[in-house]
Amino acid sequence: MTDFSLALDEDQTTLQKWLHEFATDVIRPVASEWDEREETPWPVIQEAAKAGIYSLDFFANVWADDSGISLPITMEELFWGDAGIGLSIVGTTLGVAGILSAGTADQIGQWVPQCFGTEDDVKLAALAVSEPNAGSDVSSMKTTAVYDEAKDEWVLNGVKTWITNGGIADVHVVVAAVAPELKARGQASFVVGPEFKGKGLSQGQKFKKHGIRASHTSEVVLDNLRLPGSALLGGKEKLDERIARARERAEALARGEQVQSSAKRGGQAAMATFEKSRPAVGAQAVGIARAAYEYALDYAKTREQFGRPIVQNQGIAFMLADMKTRVDASRLLVWRAAWMGKNDIPFTAGEGSMSKLYAGETAVDVTEKAIQILGGNGYTREYPVERWHRDAKIYTIFEGTSEIQRLIISRAISGHQIA
Ligand SMILES: Cc1cc2nc3c(=O)[nH]c(=O)nc-3n(C[C@H](O)[C@H](O)[C@H](O)COP(=O)(O)OP(=O)(O)OC[C@H]3O[C@@H](n4cnc5c(N)ncnc54)[C@H](O)[C@@H]3O)c2cc1C
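Calculation notes
Residues numbered from 1 in each chain as written. Predicted model: local features only at pLDDT ≥ 70, side-chain atom pairs only at ≥ 80, totals over all residues. Heavy atoms only, no water. Helix = DSSP H or I, 4+ residues; strand = E, 2+ residues; numbered from the N terminus. Buried < 20%, exposed > 50% of the residue type's maximum accessible area, 1.4 Å probe, protein only. Contact = heavy atoms within 4.5 Å. Areas by Shrake-Rupley, 256 points an atom, 1.4 Å probe, with all protein chains shown as cover. Lys, Arg positive; Asp, Glu negative; His and termini not counted. Charge placed at Lys NZ, Arg CZ, Asp CG, Glu CD. Salt bridge = Lys/Arg side-chain N within 4 Å of Asp/Glu carboxyl O. Pairing = 2+ DSSP bridges. Axes fitted to C-alpha atoms, helices over the stretch in contact; angles between N-to-C directions. Parallel < 35°, antiparallel > 145°, perpendicular 65-115°, else oblique. Left-handed = near helix turned anticlockwise from the far one by under 90°. Nonpolar A, V, L, I, M, F, W, Y, C, P; charged D, E, K, R; others polar. Core = buried A, V, L, I, M, F, W, Y, C linked by side-chain atoms within 4.5 Å. Near = heavy atom within 4 Å. Polar contact = N/O pair within 3.5 Å; in protein donor to acceptor, adjacent residues only side chain to side chain. pLDDT = per-residue confidence, 0-100. Phe/Tyr/Trp six-rings, centres within 6.5 Å; stacked < 30°, edge-to-face > 60°. Lys NZ or Arg CZ within 6 Å of the ring centre and 35° of its normal.

Undergrad: Just to check I follow, could you spell out the overall build of the protein for this structure?
TA: Helix and strand counts for the protein stand at 13 helices and nine strands. Across the 419 residues of the protein, 49% fall into the buried class. Taking contacts inside the protein between residues at least 6 apart in sequence as the whole, the part at least 24 apart equals 73%. Accessible surface computed for the protein: about 19,800 Å², of which carbon and sulfur atoms make up 54%. For the protein, the distance from the average site of its 45 positive side-chain charges to the average site of its 55 negative ones is 5 Å.

Undergrad: Would you mind going over the pattern of salt bridges with me for this structure?
TA: When the charged atoms of two side chains with opposite charge come close together, those side chains can pair. Inspection of every chain in the model, using the stated rule, returns 30 salt bridges. We note a salt bridge from Glu153 to Arg226, for which the minimum N-O separation is 2.6 Å. One end of the pair, Glu153, is in strand β3 (residues 153–164); the other, Arg226, is in strand β7 (residues 217–228), and 73 residues separate them in sequence. Residue Glu153 is classed as partly exposed on the basis of its relative accessible area, which comes to 22%. In this structure, Lys276 and Asp344 form a salt bridge, with 2.7 Å as the shortest nitrogen-oxygen distance. You can see Lys276 sitting in helix α9 (residues 261–302) and its partner Asp344 sitting in the loop between α10 (314–342) and α11 (351–378), a full 68 residues away along the chain. In this structure Lys276 comes out as partly exposed when scored by relative accessible area, which is 41%. Several salt bridges converge on common partners, so that one network encompasses Asp35, Glu36, Glu38, Arg213, Arg381, Glu386 and Arg390.

Undergrad: What is the right way to read the pairing of strand β2 (residues 144–148) from this model?
TA: Here five bridges tie β2 to β3, and the two strands are oriented antiparallel to one another. Following the sheet pairing, Val146 is matched in β3 by Val155. Between β2 and the antiparallel strand that follows it, β3, lie four residues; Asp152 among them carries a positive phi value of about 50°.

Undergrad: What is the right way to look at the packing of helix α4 (residues 70–81) against helix α5 (residues 83–90) in this model?
TA: Packed helices, taken two at a time, are described by the angle between their axes plus the distance between the axes. Contact geometry for α4 and α5: axes closest at 6 Å, N-to-C directions at 135°. Taken together, the axes of α4 and α5 are oblique relative to one another. The handedness of the crossing between α4 and α5 is right-handed. The segment α4 lies against α5, with Met75, Leu78 and Phe79 engaging Ala83, Gly86, Leu87, Ile89 and Val90. Class assignment for the residues of the contact of α4 with α5 results in seven nonpolar, one polar and no charged.

Undergrad: Where do I start with the nonpolar core in this structure?
TA: In summary, soluble globular proteins display a tendency toward joint burial of nonpolar side chains. Judged by nonpolar contacts, the single largest core of 103 residues is most densely connected at Tyr54, Ile89, Ile99, Leu156, Phe190 and Ile373. Considering every element that reaches this core, the biggest residue donor is α9, with 13 residues. If we skip the residues at most four places from it in the chain, Ile89 touches Phe22, Ile27, Ile45, Ala48, Tyr54 and Leu78.

Undergrad: Any chance you could explain the site of the ligand here in plain terms?
TA: Near the ligand, the surroundings consist of 19 residues, among which Ser130, Ser136, Trp162, Thr401 and Glu403 are the closest. One of the side-chain N or O atoms of Ser136 is found 2.6 Å from an oxygen atom in the ligand. Contacts to the ligand include Thr401, whose side-chain N or O atom sits 2.6 Å from an oxygen atom. For the ligand, whose accessible area on its own is 970 Å², the fraction buried by protein is 66%. At the level of secondary structure, the elements contributing two or more residues to the shell around the ligand comprise β3 and α13 (402–414). A total of three residues in the shell around the ligand trace back to one element, the largest contributor, which is β3. For the shell around the ligand, the class distribution of residues is ten nonpolar, six polar and three charged.

Undergrad: Sorry, what's going on with the confidence of the model for the protein here?
TA: A low pLDDT score tells you not to read the predicted coordinates there in detail. With 96% of its residues at a pLDDT of 70 or more, the protein shows a mean pLDDT of 95. In the predicted structure, residues 262–267 sits below a pLDDT of 50 and forms five contacts with residues beyond four places in sequence or in another chain.

Undergrad: Can you help me understand the packing of aromatic side chains in this one?
TA: Note on aromatic pairs: each is described by the distance of the centres and the angle between the planes. Applying the stated criterion across every chain, the model contains ten aromatic pairs. Here the aromatic cluster, defined as three or more aromatic residues joined through ring pairs, consists of Trp18, Tyr54, Phe58, Phe59, Trp63 and Phe116. Taking the ring centre of Tyr147 as reference, the NZ or CZ of Lys236 above it sits at 4.6 Å. When the ring centre of Tyr358 is taken as origin, the NZ or CZ atom of Arg326, which lies over that ring, is 4.9 Å away.

Undergrad: Looking at this structure, how should I read the environment of Arg387?
TA: With respect to the element layout, Arg387 can be found in helix α12 (residues 385–392). Arg387 sits in the buried class, given a relative accessible area of 8%. In the structure, Arg387 is positioned 305 residues away from Asp82 in sequence and 9.2 Å away in space, judged by C-alpha atoms.

Undergrad: Help me out: how do you make sense of unusual backbone geometry in this one?
TA: Negative phi characterises most residues that are not glycine, and trans characterises most peptide bonds. Not every positive phi belongs to a glycine, and Ile212 is a case in point at roughly 35°. As for its placement among the helices and strands, Ile212 is situated in the loop between β6 (201–206) and β7. On the basis of relative accessibility, which here comes to 5%, the residue Ile212 falls in the buried class. Look at Asn224: it is not a glycine, yet its phi comes out positive at around 50°.

Undergrad: What is the right way to read the side chain of Glu351 from this model?
TA: Summarising the element assignment, Glu351 is placed in helix α11. Look at Glu351: it is buried, it has no salt bridge, and the nearest opposite charge is Arg336 at 4.8 Å.

Right, dumping it as structure tokens:
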């Protein structure tokens, strides 16, 4: 006998059913409308807050599941409803993750509740890392944070781009270079409250996008943004120690010496944090792919050509078989990585990246096949599959492109510095 099981427990089943009902009753009916409007669906976020889905309590409960599976279940169901609206509901968790990974206990207690606001007055958060010339290569970021010792203030300057909830969020977590010469090791995170909107932090261009159009994506402009010393996540002492270690390491490297292992471990820890968040992103892609597969299966069983349902053609039925196989394989990779991440099992083969890579590419493939199965109808905006196809594409781009995921996996399995 073994206690191995992939069956969901009672809490997970209840969660899945509840979110599926919300996605069916609240998200799906308005998905096309918000895609066309290309605006943040505030009323839907409000409804999610009233239902108890958009709140710190909800996400804390989901995160607390020891198996790690409740988070991918949540993502899959919400994004099965609609990816643009789904991202509008969960985009705040990017900012929250930025605070949780770098903040002190006091900072976490002060800022995380503000990211969600209240049921009657919902707020959003954003995580601003990417820049026009620092996307995959975050180490080359140009935004600077300079410490003004006399006033105990940080002065931030730069432009962040493609930021989910950028400019409309109440809480922005901004990553900036404190010691640019140290690249990624010289960066730090700052939390920016709503009082700085229009006073150093402003929204730049809002992007019109191919997909996930209900999710707001903008530039965030930092123009002599003066933050109190307490805005530095983790505190000055910790930052000074980290920078000193990084300087020692850089000097040792310049002298051709062996790099200290403690500094190495620091870099790896940061990478491991990113890896752990990837299954949740993969689960969003699984939700889109499953939506398209289910829709195409129903359509193929009812659409008749040549006097019989099109599903009776092997060409269509085999496509559906491949779609279902890829959706299920993606979910298994996502659940494995989520379980490993939650239980601190090291990703020795880049399992977090694997889950996001495979689920993202599956979503693109499955939604494309769904359009094919719906024929002319699939190509029109009268049917949802073209929207799902547009939405799916972002999953090979953001949170690390497919190429970057392949780099991580190939480096992990080979031990070589693949370039
Ligand atoms: C809708 C949307 C929302 C986003 N939300 C956020 C957010 O909230 N916060 C945030 O900070 N960022 C966000 N981003 C930014 C996102 O993370 C970046 O777009 C992504 O990391 C890729 O960077 P890039 O666009 O500069 O592409 P580039 O890095 O310029 O890549 C271009 C191409 O080159 C490839 N490439 C680059 N380097 C290598 C290499 N070493 N080996 C092989 N191929 C390589 C890439 O895979 C890609 O195909 C968002 C982006 C979008 C579009």
